[in-house]
Amino acid sequence: MTNSTAMDPVAQPVRLLIVDDDPLVRAGLALMLGGADDIDIVGEGADGTEVADLVDRLRPDVVLMDIRMPAMDGLTATEALRTRPHAPEVIVLTTFHADEQVLRAIRAGAAGFVLKDTPPAQIVDSVRRVAAGDPVLSPAVTRRLMARAAGTRPGSGHDDRAGRARRRIAALAEREREVAVAVAHGCSNAEIAAALHLSVATVKTHVSRILAKFDFNNRVQIALLVHDAGLLDDDGPETGGIG
């Protein structure tokens, strides 16, 4: 019988590219992340201008990207990278909690962000989760970011965005809408499955269909759309959300 474990691509280490203009930060991250058996540091970059070439040569699964770099910042590099077919996932590395710059990165398709003072074990876990297709934003941070992004008070100039978001949400089936709202509340697939009495596989299917319908890259963009549509205040599933 064939040994399926040896052939399983999921068992392969996550290929990680680190991009930060501070050599000490890069060294610290490489030391921290390189100690994980399931993460392979395939390369390092010092500026956003290097990202495209490094990705072409090294084929990383995930890019850990600093926001503030001298020649090309991480936001511009992320926007350019995520327009490419089969682009790696991007985790934004930042020193602040909620800022328009972080939201710009997420809207461009970044899978989330981690703070530079995040405990090492959590950074390692973030890389694993993003490689597995899960966002790395806690419910509290997600809400702060989306509130900063939308600013949807009446008369604030964001009515057009809200209207477009509501029309897009209306295109979802009822169950897809429930799943989308649960995603916006920061729930994992397992938590959504338990709350809606579905299998995890069914939840994954619904999430994949939502992503495909809207041509989104990740779950955070679903959450932003739900917020823009004014649905985040809907009662979410009775779960603890993601950490």
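Residues numbered from 1 in each chain as written. Predicted model: local features only at pLDDT ≥ 70, side-chain atom pairs only at ≥ 80, totals over all residues. Heavy atoms only, no water.

Some thoughts on the overall build of the protein
Right, so step 1: Scanning the protein from N- to C-terminus turns up 12 helices and 5 strands.
Right, so step 2: With the model as given, the accessible surface of the protein reaches about 12000 Å², and the carbon-plus-sulfur share is 51%. (Helix = DSSP H or I, 4+ residues; strand = E, 2+ residues; numbered from the N terminus. Areas by Shrake-Rupley, 256 points an atom, 1.4 Å probe, with all protein chains shown as cover.)

Concerning the confidence of the model for the protein
Detailed reading of the predicted model is not advised wherever pLDDT is low.
Right, so step 1: Residues with a pLDDT of 70 or more make up 78% of the protein, whose mean pLDDT is 79.
Right, so step 2: Contacts from residues 152-157, a stretch scored under 50 in pLDDT, to residues over four places away or in other chains number 4 contacts.
Right, so step 3: Ignoring residues within four places in sequence, the model shows residues 238-243, a span with pLDDT below 50, making 20 contacts including any to other chains. (pLDDT = per-residue confidence, 0-100. Contact = heavy atoms within 4.5 Å.)

Focus: helix 9 (residues 174-184)
Right, so step 1: Within helix 9, burial applies to E176, V179, A180, V181, A182, V183 and A184.
Right, so step 2: Downstream of helix 9 by a residue or two, G186 has a phi angle that is positive, lying close to 85°. (Buried < 20%, exposed > 50% of the residue type's maximum accessible area, 1.4 Å probe, protein only.)

Quick look at the sheet that holds strand 5 (residues 112-115)
Right, so step 1: If you walk across this open sheet you meet the 5 strands as 2-1-3-4-5, and the pairing is parallel. The open sheet terminates on both sides in strands that have one partner only, identified here as strand 2 (39-45) and strand 5. Neighbour-to-neighbour, the strand axes of the sheet open up by a mean angle of 25°, direction not taken into account.
Right, so step 2: The sheet contact formed by strand 3 (residues 62-66) and strand 4 (residues 89-94) spans 5 bridges and is parallel. Note on strand 4: the bridge partner recorded for V63 is V90. (Pairing = 2+ DSSP bridges. Axes fitted to C-alpha atoms, helices over the stretch in contact; angles between N-to-C directions.)

Considerations on the nonpolar core
Right, so step 1: By size, the foremost hydrophobic cluster in this structure holds 26 residues, and its most contacted members are I169, V179, I192, V207, I210, I222 and V226.
Right, so step 2: Among the secondary structure elements, those contributing two or more residues to this core are helix 8 (159-170), helix 9, helix 10 (189-196), helix 11 (200-214) and helix 12 (219-228).
Right, so step 3: Ranked by residue count, the leading element in this core is helix 9, at 6 residues.
Right, so step 4: Contact partners of I169, with chain neighbours within four places excluded, come to R177, F214, L225, V226, A229 and L231. (Core = buried A, V, L, I, M, F, W, Y, C linked by side-chain atoms within 4.5 Å.)

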